[in-house]
Amino acid sequence: MTGEAGGDPHVRSQLGAYALGALTPEEDRLIAGHLEGCAGCAAAYAEVADGAALLALFDEEDLW
Ligand SMILES: [Zn+2]
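So, a few notes on the structure that sits alongside this text. Please read these numbers as outputs of a predicted model, since none were measured by experiment. (Residues numbered from 1 in each chain as written. Predicted model: local features only at pLDDT ≥ 70, side-chain atom pairs only at ≥ 80, totals over all residues. Heavy atoms only, no water.)

**Comments concerning the overall build of the protein**
Definition in use: Secondary structure follows DSSP: runs of H or I at least 4 residues long count as helices, runs of E at least 2 residues long count as strands, and numbering of each begins at the N terminus. When accessible area is computed with a 1.4 Å probe and restricted to protein chains, residues below 20% of their type maximum are described as buried, those above 50% as exposed, and intermediate ones as partly exposed. The contact criterion used throughout is that any non-hydrogen atoms of two residues lie within 4.5 Å. Accessible surface is estimated by sampling points in the Shrake-Rupley manner with a 1.4 Å probe; for residues, cover comes only from the protein chains shown.
In terms of regular secondary structure, the protein is built from three helices and zero strands. Counting from the amino terminus, the protein carries its helices and strands in the arrangement α-α-α. Relative to its 64 residues, the protein shows a buried fraction of 17%. In the protein, the proportion of contacts linking residues at least 24 apart, taken out of those at least 6 apart, comes to 51%. Summing over all exposed atoms, the protein offers an accessible surface of approximately 4,900 Å²; the carbon and sulfur share of this is 57%.

In structure tokens form, the structure reads like this:
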């Protein structure tokens, strides 16, 4: 996995936060729009959303 800096047009580095609903409404809208037009990120999001659903089963405090 390569580093994805700020100039990256894709949104993969933000998909985790997006799946958890941790982004601002503005970022949320930006990513939703990108996912509609980018099959690569949409596929990555499907995987991340699965992981986020699993993570949500654990209490955050259990991770510490
Ligand atoms: Zn993309």
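There's more to say after this.
**Some thoughts on a nonpolar patch on the surface**
Rule in force here: Every patch collects residues that have over 30% relative accessible area and no salt bridge, joining them within 9 Å if they carry like charges and within 5 Å if they are nonpolar side chains (Val, Leu, Ile, Met, Phe, Trp, Tyr). We count a salt bridge whenever a side-chain nitrogen from Lys or Arg sits within 4 Å of a carboxyl oxygen from Asp or Glu.
Together, Leu54, Leu55, Leu57 and Phe58 make up an exposed nonpolar region whose accessible area comes to about 460 Å². Along the chain, Leu57 falls in the segment after helix 3 (39-55).

**Things to note about the coordination of the zinc ion**
The criterion, for reference: Distances up to 2.8 Å from the metal define which N, O and S atoms are donors, and 3.2 Å serves for Na, K and Ca; water is absent from the atom set, so sites may look incomplete. Any coordination sphere not matching a tetrahedral pattern (four donors, all angles between 85 and 135 degrees) or a square planar or octahedral pattern (four or six donors, opposite donors over 155 degrees apart, other angles between 65 and 115) is reported as irregular.
Donor atoms from the polypeptide that bind the zinc ion are His10 (ND1), His34 (NE2), Cys38 (SG) and Cys41 (SG), placed at 1.9 to 2.3 Å. Its four donor atoms give the zinc ion angles of 103 to 114 degrees at the centre, a pattern that matches the tetrahedral case. When the donors of the zinc ion are listed by position in the chain, the intervening gaps give H-x23-H-x3-C-x2-C. With a gap of 24 residues between them, His10 in the segment before helix 1 (15-19) and His34 in helix 2 (residues 25-37) connect regions that are remote in the sequence. Using a relative accessible area of 34% as the deciding quantity, one classes His10 as partly exposed.

**Quick notes on the packing of helix 2 against helix 3**
Here is the rule: Where helices are involved, their axes are fitted lines through C-alpha atoms of the stretch in contact, as for all axes, and angles between N-to-C directions lie from 0 to 180°. Note on angle classes: values under 35 degrees are labelled roughly parallel, values over 145 roughly antiparallel, values of 65 to 115 roughly perpendicular, and the remainder oblique. Definitions for this section: a left-handed crossing has its near helix turned counterclockwise from the far helix by less than a right angle. A right-handed crossing has that turn clockwise. Under the scheme applied here, ten amino acids are nonpolar (Ala, Val, Leu, Ile, Met, Phe, Trp, Tyr, Cys and Pro), four are charged (Asp, Glu, Lys and Arg), and all others, including Gly, are polar.
With their axes 6 Å apart at the nearest point, helix 2 and helix 3 run at an angle of 115 degrees to one another. On the basis of their axis angle, the class for helix 2 and helix 3 is roughly perpendicular. When the axes of helix 2 and helix 3 are compared, the crossing they make is left-handed. Here helix 2 contributes His34, Leu35 and Gly37 to the contact with helix 3, which in turn contributes Ala39, Cys41, Ala42 and Tyr45. Of the residues that constitute the contact of helix 2 with helix 3, the class distribution is five nonpolar, two polar and no charged.

**Focus on the side chain of His34**
Quick reminder of the rule: Under this definition, polar contacts are N or O atom pairs within 3.5 Å; protein pairs additionally need one hydrogen-donor-capable and one acceptor-capable atom, and for neighbouring residues in sequence, both atoms have to be side-chain atoms.
Exposure remark for His34: the relative accessible area of 18% places this residue in the buried category. A distance of 3.1 Å separates a polar atom in the side chain of His34 from a polar atom in the side chain of His10. Those residues in contact with His34 that lie beyond four places of it in its chain are Pro9, His10, Val11 and Cys41.

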